[in-house]
Amino acid sequence: MTELELLLDLFKNTERQGPGSPEDTRRALSFVELPSDEQLQVADIGCGSGGQTLTLAEHLSGNITAVDLFPSLLDELNDQVWAKGLENRIQTRSESMENLSFESGSLDLIWSEGAIYNMGFENGIRQWKQYLKPQGYLAVSELTWITPERPAEIEKYWTQEYPEIDTAAIKIRLLEKHGYTLTGYFHLPRESWWEHYYMPLQACFAPFLERQAHTEAARNIVAEHQQEIELFEKYHAYFSYGFYIARNNE
Ligand code: SAH
């Protein structure tokens, strides 16, 4: 099994594959001013198994295209879509966020929770802009320093894992540079990491190791996630996911 396949197996049947909660999704939506219109076109990029996609469908009218690279995650979302009778509102599409097949200027809203880092924040906001209608909205969550300074241990860890990590002021400046106006910002509270992400993930460790017969590769993946969790416990006062909601100027 490749490392990617192992990761997919670790995250099998989890509600979320990153920090966030239905409450955060609703809070971010409160900064989006779109009419209640069945013609709305929304994309949820890097949707994973679609926890936030279902929350969006509850609170928005229109059509949602949920995109992820991995069909197995989309299958999990599709099971829920069918169970809830939402198949005429949510479609899934397996493709890369770096090469999306939306028509230019076709989307009212691009949503992406905990996923834009896969192509980098600046690269993502720059490339995705072409798919937005004029005055369309972008809502993305992104790893963010929430204090001006922080202890060396956590600074070193995150700078190695995600060199683009920065403060909200810098991220907002990038949004402005690429032709967006910020309409809202907040950072995720601790529960969105702990109760909605790390606790359910920790419960997956033992069954995952069992399925994988405790191979070294599987044990390494668990150890990496365990280290991230321990650093979060120690240093969560210094970083979180920032949720950036912005309107396309053109
Ligand atoms: N939005 C979900 C999942 C976040 S995890 C949540 O918050 O729970 C990041 C997601 O991005 C994963 O589902 C992963 O499969 C997806 N992903 C990674 N690289 C991608 C790419 N190049 N194109 C599309 N999706 C990608």
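See the structure above.
Residues numbered from 1 in each chain as written. Predicted model: local features only at pLDDT ≥ 70, side-chain atom pairs only at ≥ 80, totals over all residues. Heavy atoms only, no water.

Draft legend 1. Broad picture of helix α4 (residues 71-83). For α4, built from 13 residues, the straight-helix expectation of 18 Å at 1.5 Å per residue is met to within 8% by its first-to-last C-alpha distance of 18 Å. Among the residues making up α4, those that are buried are Leu73, Leu74, Glu76, Leu77, Asn78 and Val81. Buried positions along α4 lie against α1 (3-10), α3 (51-59), β2 (63-68) and β3 (90-94). Glycine 85, located one to two residues past α4, shows a positive phi value of around 65 degrees. (Helix = DSSP H or I, 4+ residues; strand = E, 2+ residues; numbered from the N terminus. Expected span 1.5 Å × (residues − 1). Buried < 20%, exposed > 50% of the residue type's maximum accessible area, 1.4 Å probe, protein only. Contact = heavy atoms within 4.5 Å.)

Draft legend 2. Representation of α1 in the model. For α1, every residue scored as buried is listed here: Leu6, Asp9 and Leu10. Seen along its axis, α1 keeps its buried residues to an arc of 100 degrees; they face one direction. Taken together, the buried residues of α1 touch α8 (190-211) and α9 (216-235). (Arc of directions from axis to C-beta.)

Draft legend 3. Region of interest: unusual backbone geometry. The phi angle at asparagine 13 is positive, at roughly 65 degrees, despite the residue not being glycine. Along the chain, the position of asparagine 13 falls in the loop between α1 and α2 (22-29). Positive phi, normally seen in glycine, also occurs at histidine 214, with a value near 55 degrees. Residue position: histidine 214 is located in the loop between α8 and α9.

Draft legend 4. The pattern of salt bridges, seen in detail. In total, this model carries nine salt bridges according to the counting rule given. Glutamate 122 is paired through a salt bridge with lysine 177; the nearest N and O atoms lie 2.8 Å apart. Taken as a pair, glutamate 122 in helix α5 (residues 121-128) and lysine 177 in helix α7 (residues 168-177) lie far apart in primary sequence, 55 residues in all. When its relative accessible area of 58% is taken as the criterion, lysine 177 is described as exposed. With its nearest N and O atoms 2.9 Å apart, the salt bridge here joins lysine 234 to glutamate 153. Here lysine 234, found in helix α9, pairs with glutamate 153, found in helix α6 (residues 152-161); they are 81 residues apart in sequence, far enough to count as distant. Its relative accessible area of 54% is what places lysine 234 among the exposed residues. (Salt bridge = Lys/Arg side-chain N within 4 Å of Asp/Glu carboxyl O.)

Draft legend 5. Quick look at the state of the cysteines. Across all of its chains, the model carries zero disulfides by this definition. Here cysteine 47 is not disulfide-linked; the sulfur of cysteine 204 is the nearest cysteine sulfur, at 18 Å. (Disulfide = S-S within 2.5 Å.)

Draft legend 6. A look at the pairing of strand β5 (residues 132-145). For β5, the buried fraction is high: eleven of the 14 residues fall into the buried class. Sheet analysis places strand β4 (residues 107-112) next to β5, joined by five bridges and oriented parallel. Residue pairing across strands places tryptophan 111 opposite alanine 139, the latter belonging to β5. The parallel pair β4 and β5 is bridged by α5, and the resulting crossover is right-handed. Strand direction decides the pairing type here: β5 and strand β8 (residues 239-248), joined by nine bridges, are antiparallel. (Pairing = 2+ DSSP bridges. Right-handed = clockwise from strand over helix to strand, strands pointing away.)

Draft legend 7. Examining the site of the ligand more closely. Around the ligand, a shell composed of 18 residues is seen, among which Arg16, Gly46, Asp68, Met97 and Glu113 lie nearest. A distance of 3.0 Å is found between an oxygen atom of the ligand and a backbone nitrogen or oxygen belonging to glutamine 17. At a separation of 2.9 Å, a nitrogen atom of the ligand approaches a polar backbone atom of glutamate 113. Summarising the interface, the protein chains cover 91% of the accessible area of the ligand, which totals 570 Å² for the free molecule. (Near = heavy atom within 4 Å. Polar contact = N/O pair within 3.5 Å; in protein donor to acceptor, adjacent residues only side chain to side chain. Areas by Shrake-Rupley, 256 points an atom, 1.4 Å probe, with all protein chains shown as cover.)

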